[in-house]
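If you want the building blocks of each chain, they are given just below.
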Amino acid sequence: MSDIILQTQQLTKEFKGFTAVNQVDLSVQRGSIHALIGPNGAGKTTCFNLLTKFLEPSSGTILFNGIDITRERPAQIARRGIIRSFQISAVFPHLTLLENVRLGLQRMLGTSYHFWRSEKSLHQLNDRALALLAEVGLDDMAHEVTVNLPYGRKRALEIATTLAMEPELMLLDEPTQGMGHEDVHRVTQLIKKVSAGRTILMVEHNMSVISNIADTITVLQRGAVLAEGPYAEVSRNPLVMEAYMGTTDGQLQGAH
Ligand SMILES: Nc1ncnc2c1ncn2[C@@H]1O[C@H](COP(=O)(O)OP(=O)(O)OP(=O)(O)O)[C@@H](O)[C@H]1O
Ligand SMILES: [Mg+2]
């Protein structure tokens, strides 16, 4: 299989004459952590919405594992293994952590519900759910009600429910948004950990997160790709620095 898991060609989205995503060519390397950055309104979330087909592209092509998925429906795209966290995997506040992850697993099994009617398969589901909670460091809280979790832990739970969908490509839109230092650090390490054997495409404003874990960065500005490369390269790019000018000290940093 090719090293490129996801490729967009000239991907474009227009809203009534306004071009939010403008002929974007994106190549995401299999097994990498790829960050999509850019000032507010650059088109990052719109890009994600196009990739999951939450929005219909105006033009351009999306290839996943070499297959043209541009015209596929959101459910088909999820089945292929493109899973966006914090959307498909919303968590239910009044269920326990275990129940939330189990629901993710049940959703995966979908129509084959005979599978989990028997006592034995319920146990198997529990075991798998516990293993996923352990993967994000929440196994000791499995029977807590989700609403009682601190914010950072809730984000970790959302990652566990996303993992339940067996993503080959995980899309994370601002996974550390609204977090304090400690949670940012914890979730960053978690993303790094769960990236093993998977590919991650993430929108992130926090530059220290990006410089720590992103292999490749694509910078969007007004819907178009401005620069692409590893952090060391992109952060020195004069065009990128200029795009981020107007922030406090003109350094490459997030707008949030
Ligand atoms: N449904 C829509 N209809 C019209 N305009 C839209 C729609 N969705 C997004 N836009 C516009 O497209 C542009 C890109 O928005 P988008 O949300 O993709 O930016 P972003 O890079 O995710 O920004 P942020 O960093 O603030 O999250 C913005 O100007 C936005 O107002
Ligand atoms: Mg956004």
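Up top you'll find the structure we're talking about.
Residues numbered from 1 in each chain as written. Chains lettered and ligands numbered in written order. Predicted model: local features only at pLDDT ≥ 70, side-chain atom pairs only at ≥ 80, totals over all residues. Heavy atoms only, no water.

Enquirer: Sorry, what's going on with the overall build of the protein chain here?
Expert: Within the protein chain, the secondary structure is distributed over nine helices and 10 strands. Across the 256 residues in the protein chain, those meeting the buried criterion constitute 48%. Excluding contacts between residues fewer than 6 apart, the proportion of contacts in the protein chain whose partners are at least 24 apart in sequence is 66%. Accessible surface computed for the protein chain: about 12300 Å², of which carbon and sulfur atoms make up 52%. (Helix = DSSP H or I, 4+ residues; strand = E, 2+ residues; numbered from the N terminus. Buried < 20%, exposed > 50% of the residue type's maximum accessible area, 1.4 Å probe, protein only. Contact = heavy atoms within 4.5 Å. Areas by Shrake-Rupley, 256 points an atom, 1.4 Å probe, with all protein chains shown as cover.)

Enquirer: Would you mind going over the pattern of salt bridges with me for this structure?
Expert: Close approach of charged atoms lets side chains of opposite charge pair. Tallied over the full model, the rule gives eight salt bridges. We note a salt bridge from Arg 30 to Glu 168, for which the minimum N-O separation is 3.4 Å. With Arg 30 in the loop between strand 2 (18-29) and strand 3 (33-37) and Glu 168 in the loop between helix 5 (151-164) and strand 7 (169-173), this pair connects stretches of sequence that are 138 residues apart. The exposure class of Arg 30 is partly exposed, given its relative accessible area of 29%. (Salt bridge = Lys/Arg side-chain N within 4 Å of Asp/Glu carboxyl O.)

Enquirer: Hey, could you run me through the sheet that holds strand 6 (residues 82-84) in this one?
Expert: The strands making up a sheet associate through backbone hydrogen bonding, with each pair oriented either parallel or antiparallel. In spatial order, the strands read 6-7-8-3-9-10; together these six strands make up an open sheet with mixed pairing. Two strands lie at the open edges of the sheet, namely strand 6 and strand 10 (224-229), each paired on one side alone. Neighbour-to-neighbour, the strand axes of the sheet open up by a mean angle of 20 degrees, direction not taken into account. Pairing geometry for strand 3 and strand 9 (residues 216-221), over four bridges, is parallel. Residue His 34 lies in a different strand from strand 9, and its bridge partner there is Thr 216. Across the sheet, helix 6 (residues 181-194) is in contact with strand 3, strand 7 and strand 8 (199-203); its angle to strand 8 comes to roughly 150 degrees. (Pairing = 2+ DSSP bridges. Axes fitted to C-alpha atoms, helices over the stretch in contact; angles between N-to-C directions.)

Enquirer: So what exactly am I meant to see when it comes to the site of ligand 1 here?
Expert: Close to ligand 1 lie Phe 15, Phe 18, Ala 20, Asn 40, Gly 41, Ala 42, Gly 43, Lys 44, Thr 45, Thr 46, Glu 174 and His 205, which account for all nearby residues. Take Thr 46: an N or O atom from its side chain is 2.6 Å from an oxygen atom of ligand 1. Where the shell around ligand 1 is concerned, the elements lending two or more residues are strand 2 and helix 1 (44-51). Looking at which element gives the most residues to the shell around ligand 1, the answer is helix 1, with three residues. (Near = heavy atom within 4 Å. Polar contact = N/O pair within 3.5 Å; in protein donor to acceptor, adjacent residues only side chain to side chain.)

Enquirer: Got a minute to help me understand helix 4 (residues 119-135) in this structure?
Expert: Two residues of an α-helix separated by three or four positions point the same way, owing to the 3.6 residues in each turn. The end-to-end C-alpha separation of helix 4 is 25 Å, in line with the 24 Å expected for 17 residues at 1.5 Å each. Along helix 4, the residues classified as buried are Ser 121, Leu 125, Ala 129, Leu 132 and Leu 133. Seen end-on, helix 4 carries its buried residues on one side only, within an arc spanning 120 degrees. Relative to its buried face, helix 4 has exposed residues pointing more than 90 degrees away, namely Glu 119, Lys 120 and Asp 127. On the buried face of helix 4, the contacting elements are helix 3 (97-109) and helix 5. Once helix 4 finishes, Gly 137 follows within two positions and takes phi at roughly 75 degrees, a positive value. (Expected span 1.5 Å × (residues − 1). Arc of directions from axis to C-beta.)

Enquirer: Could you clarify how one ought to interpret the pairing of strand 3 in this entry?
Expert: As a general feature of sheets, a regular strand has side chains that alternate between the two faces. Counting buried positions along strand 3 yields five of five residues, so the element is predominantly enclosed. Side chains of strand 3 alternate between two faces, with Ile 33, Ala 35 and Ile 37 and His 34 and Leu 36 buried alike. Inspection of the sheet shows strand 3 paired to strand 8 by four bridges, in the parallel sense. Considered in strand 8, the bridge of His 34 is made with Leu 201.

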